[in-house]
Amino acid sequence: MLSRMERRRLLALSLIAALAPGLALAAGPEKKKGGGVSFIQISTLTSTVIRPNGRRGVLTVETGIDVPDEKLRARAELLIPRLRAAYVQSLQTYAYGMNPNAAPNADQLAIQLQRETDRVIGQKGARLLLGTMLMN
């Protein structure tokens, strides 16, 4: 029969063994979702919206930018935190002005976010790509 201390050690070791594959994946480089070498994935953007019943909801938008020019892509990768901040601010402004009964307009949002992309990077050449848009 195992003592209480031995059971705790065995439990701790089995927990570590179960988590080890996940920890190894978490420590590795982040994989792109797709899009090729010229694609830069931007982490998911979220903003609060007012739902038709008056309660708050969340607008979630997945984005990325396609930058074929290697030098411009290197600049864009350095500017990801500024791009993300500009995107979130633009998304919040857009969400604040939305009609609670209307679905988000992807075309209008893409135009606004493309404008922010060009402004932050300082030149044209990076194309904004919208992914999934969810409103909860």
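Residues numbered from 1 in each chain as written. Predicted model: local features only at pLDDT ≥ 70, side-chain atom pairs only at ≥ 80, totals over all residues. Heavy atoms only, no water.

**Considerations on the pattern of salt bridges**
Here is step 1 of the chain: In this structure the tally under the stated criterion is two salt bridges.
Here is step 2 of the chain: Of the charged contacts in the structure, one is a salt bridge between Glu-116 and Arg-119, with a shortest N-O distance of 2.7 Å. Of this pair, Glu-116 and Arg-119 both sit in helix H4 (residues 106-121), three residues apart, which is roughly one turn of the helix.
Here is step 3 of the chain: Glu-116 sits in the buried class, given a relative accessible area of 18%.
Here is step 4 of the chain: On the accessibility criterion, Arg-119 (52% relative accessible area) is exposed.
Here is step 5 of the chain: Residue Asp-118 pairs with Lys-124 through a salt bridge whose shortest N-O separation is 3.8 Å. (Salt bridge = Lys/Arg side-chain N within 4 Å of Asp/Glu carboxyl O. Helix = DSSP H or I, 4+ residues; strand = E, 2+ residues; numbered from the N terminus. Buried < 20%, exposed > 50% of the residue type's maximum accessible area, 1.4 Å probe, protein only.)

**Re the packing of helix H2 (residues 70-78) against helix H3 (residues 80-96)**
Here is step 1 of the chain: With their axes 4 Å apart at the nearest point, H2 and H3 run at an angle of 65° to one another. Between H2 and H3, the angle falls in the class roughly perpendicular. Along its contact with H2, which presents Ala-76, Glu-77 and Leu-78, the element H3 presents Ile-80, Pro-81 and Leu-83.
Here is step 2 of the chain: Along the lines of polarity and charge, the residues of the contact of H2 with H3 split into five nonpolar, no polar and one charged. (Axes fitted to C-alpha atoms, helices over the stretch in contact; angles between N-to-C directions. Parallel < 35°, antiparallel > 145°, perpendicular 65-115°, else oblique. Contact = heavy atoms within 4.5 Å. Nonpolar A, V, L, I, M, F, W, Y, C, P; charged D, E, K, R; others polar.)

Spatial relationships are all this shows, so hold off on functional conclusions.
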